[in-house]
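Each chain is listed here by its residues.
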2 protein chains.
Amino acid sequence: IELAIDGGDNPDSIATLTSDPLAGVAVNYTGERHDLDEVRLLSPVIPRSKVIGVGKNYADHAAEMGGEVPEAPLLFFKPNTSVIGPNETIIRPAGVTDLQYEGELAVVIGRICKQVPVERVPDVIFGYTIGNDVTARDWQRTDGQWARAKGSDTFLPLGPWINTHLTLDEAGKLEIETRLGDDVRQHGSTSQMVRGVAELVSYITQSITLLPGDVILTGTPAGVGPMEPGDEVHVSVTGLGTLSNPVADE
Amino acid sequence: IELAIDGGDNPDSIATLTSDPLAGVAVNYTGERHDLDEVRLLSPVIPRSKVIGVGKNYADHAAEMGGEVPEAPLLFFKPNTSVIGPNETIIRPAGVTDLQYEGELAVVIGRICKQVPVERVPDVIFGYTIGNDVTARDWQRTDGQWARAKGSDTFLPLGPWINTHLTLDEAGKLEIETRLGDDVRQHGSTSQMVRGVAELVSYITQSITLLPGDVILTGTPAGVGPMEPGDEVHVSVTGLGTLSNPVADE
């Protein structure tokens, strides 16, 4: 069964499935269908193990952060407790004064894998979604390690769905746009990544095993900036829809 | 049922349980018992969410690393894919030349919790075990963020068991000793921690939710140093036994 075509044929509704496509068992349609405006979408995946972020993977963003592109991919973890879904509220913790959005292409892993050669990376990818790598920039500056700055609760909106039928080549040519309210703040293309998806997955898995449902955040283009309580942030990626989240104080 | 007393009455054997004590359901003995030398112990916990490490939490270790104690706890994540059990092999990845041990007291969380006041921390602790916060010191120096240096596969031996009947006060007065082969390399006391367990859990949970099975590594005393393939590393903590692991090249 080709689940992927359903979205194209029925853009305003969802079909329910008999099981979790990431669980490695046969999946079919239940026959149930709901209009999108009748349901509340949750994060399309809660990683059972980890989210790995990649810092400074767009040259224009590395430059605006006052640094150069790192010699090797700059990796950091976000825990599954930081994940929220579409339209859920990003919470600015007490003490944070500079909470920023970072719109990104997110890769969802489909198979347990390690030391994946670049040419085998398509075999381990389940699909693609949108991530907002929310960052407490003030904590990032003072903490040294980014656990609190990037790993706090609600700091990883994911969704609205997972696109499972993109080729690696297609994933490398998507437009990313982040809007704060109506203002476009980030506009880039995944073609501007310093290291593409295949290189990142291969590099990470040299020493780290990935599990089905693990997520790789591939970095953000230039234009990062602060969000204030009352704002709504929207990240759109070609073919992946729009991930919208309001911002509130704790 | 008081499971905790079993170990004291039967130090050379294990009793099997009807369920996972971290799952929040009633647990009893099955009646089965095995001698310790007939079984292979696995890690006593695989976190469903995260391990949070605390850097430079002993002043003598901060000094040997050429730095001072940080103003706030220095937090970093290790993923559940880095966890191994007693006697499992620590693998030195290709390209790593300086793989080091860090013997630590590990706290296992028992309840979902957030913003825990210091005086309520005992309520959210399931128990204590030993952790070896294995670190690729060369990657730690070059990578900036410590994901690869501390989060690679096999970089977190945990065990051999979880002690569920220590008070916070008792946990703050345990001796830690790390031996490489027969040589004592680290010898300290948890009383030397810059921030104790209650302060760490309270600080972390200000912005990060902890789940049952999450693990906090409380930092390592002075004496860290390299392990070579063929070595065996042993971390002992008063009342928690000894966690032993051999080291091998990939």
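Within each chain, residue numbers correspond to sequence positions counted from 1 in written order. A letter from A marks each chain and a number from 1 marks each ligand, given out in the order of writing. Under the rules for a predicted model, residues below a pLDDT of 70 receive no local features and side-chain atom pairs below 80 are neither given nor counted, while totals for whole chains, interfaces and linings still include all residues. Just so you know, side-chain values use all the structure's heavy atoms and leave hydrogens and water out.

A.B. asks: What is the right way to look at the overall build of chain A in this model?
C.D. replies: In terms of helices and strands, chain A carries 7 helices and 17 strands. Note on method: radius of gyration uses C-alpha positions; expected globular size equals 2.2 Å times residues raised to 0.38. The C-alpha atoms of chain A give 17 Å as radius of gyration, which agrees with the globular expectation for 250 residues (18 Å, within 12%). Referenced to the eigenvectors of the C-alpha coordinate spread, the extents of chain A come out at roughly 50 × 40 × 30 Å. Relative to its full complement of 250 residues, chain A shows a buried share of 54%. Whether two residues touch is decided by their heavy atoms; if any such pair falls within 4.5 Å, the residues are in contact. Taking all contacts inside chain A whose residues are at least 6 apart in sequence as the whole, residues at least 24 apart take part in 74%. In this description a helix means any DSSP run of H or I spanning at least four residues, a strand means any run of E spanning at least two, and both kinds are numbered starting from the N terminus. With a 1.4 Å probe rolled over the protein chains alone, any residue whose accessible area is under 20% of its type maximum counts as buried; one over 50% counts as exposed, and the rest are partly exposed.

A.B. asks: Mind showing me how you'd approach the sheet that holds strand β13 (residues 183–189) of chain B here?
C.D. replies: Sheet strands line up and pair through hydrogen bonds in the backbone, either parallel or antiparallel. All names here are of chain B. Any two strands between which DSSP finds at least two bridges are classified as paired. The strand order across the open sheet built from 5 strands is β6-β17-β16-β12-β13, with neighbouring strands paired in mixed fashion. Looking at which strands have only one partner, the edges of the open sheet turn out to be β6 (90–92) and β13. Neighbour to neighbour, the strand axes of the sheet diverge by 20° on average, direction disregarded. With 3 bridges connecting them, β6 and strand β17 (residues 241–249) associate as parallel partners. Within β17, the position partnered with I91 by the bridge is A248. Lines fitted to C-alpha atoms define the axes here, with helix axes fitted over just the stretch in contact, and angles between the N-to-C directions of these axes take values from 0 to 180 degrees.

A.B. asks: Help me out: how do you make sense of the interface of chain B and chain A in this one?
C.D. replies: You'll often see interface size given as the accessible area lost when the parts meet. Across the contact, 30 residues belong to chain B and 30 residues belong to chain A. The term salt bridge refers to a pairing of a side-chain nitrogen on Lys or Arg with a carboxyl oxygen on Asp or Glu at a separation within 4 Å. Joining chain B to chain A, the criterion identifies 2 salt bridges. Residue D153 of chain A pairs with K114 of chain B through a salt bridge whose shortest N-O separation is 3.0 Å. Two N or O atoms form a polar contact when they lie within 3.5 Å of each other; inside protein one atom must be a possible hydrogen donor and the other a possible acceptor, and for residues adjacent in sequence the pair counts only when both atoms belong to side chains. Our count for the chain B to chain A interface comes out at 22 residue pairs in polar contact (both at pLDDT 80 or more). Those elements giving two or more residues to the side of chain B that touches chain A turn out to be β4 (74–78), α4 (137–143) and α5 (147–151) of chain B. For the side of chain B that touches chain A, the leading source of residues is β4 of chain B, giving 4 residues. Residues of the side of chain B that touches chain A, tallied by class, amount to 12 nonpolar, 11 polar and 7 charged. Residues are grouped as follows: Ala, Val, Leu, Ile, Met, Phe, Trp, Tyr, Cys and Pro are nonpolar; Asp, Glu, Lys and Arg are charged; every other residue, Gly included, is polar.

A.B. asks: It is not clear to me how the packing of aromatic side chains should be interpreted in this structure. Could you clarify?
C.D. replies: For any pair of aromatic rings, the description consists of the separation of the ring centres together with the inter-plane angle of the planes. Residue and element names in this part refer to chain A. For this analysis, a ring pair means two rings from Phe, Tyr or Trp (six-membered ring only for Trp) whose centres lie within 6.5 Å, classed as stacked if their planes differ by under 30 degrees, edge-to-face if by over 60, and tilted for the remaining angles. One pass over the full model with this rule turns up 2 aromatic pairs over all chains. Ring geometry for F76 against W146: centres 5.5 Å apart, planes inclined by 65°, an arrangement best described as edge-to-face. Here W146 lies in the loop between α4 (137–143) and α5 (147–151) and F76 lies in strand β4 (residues 74–78), a separation of 70 residues in the sequence. Taken as a pair, F76 and W146 share a single burial class, namely buried. Over the aromatic face of W139 sits the side chain of R148, whose NZ or CZ is 3.8 Å from the ring centroid. Geometrically, a charge over a ring is one whose NZ (Lys) or CZ (Arg) sits within 6 Å of the ring centre while staying within 35 degrees of the ring normal.

A.B. asks: Help me understand the environment of T81 of chain B, please; the structure alone is not making it clear to me.
C.D. replies: Considering the arrangement of structural elements, one finds T81 of chain B in the loop between β4 and β5 (83–84). C-alpha of T81 of chain B to C-alpha of V116 of chain B: the two residues are 35 residues apart in sequence and 27 Å apart in space. Within polar-contact distance, the side chain of T81 of chain B engages the side chain of K50 of chain A at 3.1 Å.

A.B. asks: Would you explain the domain arrangement of chain A in this entry?
C.D. replies: Residues and elements named next belong to chain A. By the assigned domains, chain A splits into domain 1 (1–39) and domain 2 (41–249). Where each domain begins and ends follows an automated or database-derived domain assignment. Averaged C-alpha coordinates put domain 1 and domain 2 at centres separated by 25 Å. Opposite the 5 residues of domain 1 that make contact, domain 2 presents 11 residues. Carbon and sulfur atoms supply 76% of the area buried between domain 1 and domain 2, which totals about 590 Å² over both sides. Counting across the domain 1 and domain 2 interface gives 0 residue pairs in polar contact (both at pLDDT 80 or more). Of the residues belonging to the side of domain 1 that touches domain 2, the class tally is 5 nonpolar, no polar and no charged. Summed over both partners, the accessible surface that disappears when two parts come together, traced with a 1.4 Å probe, is what is meant by buried area.

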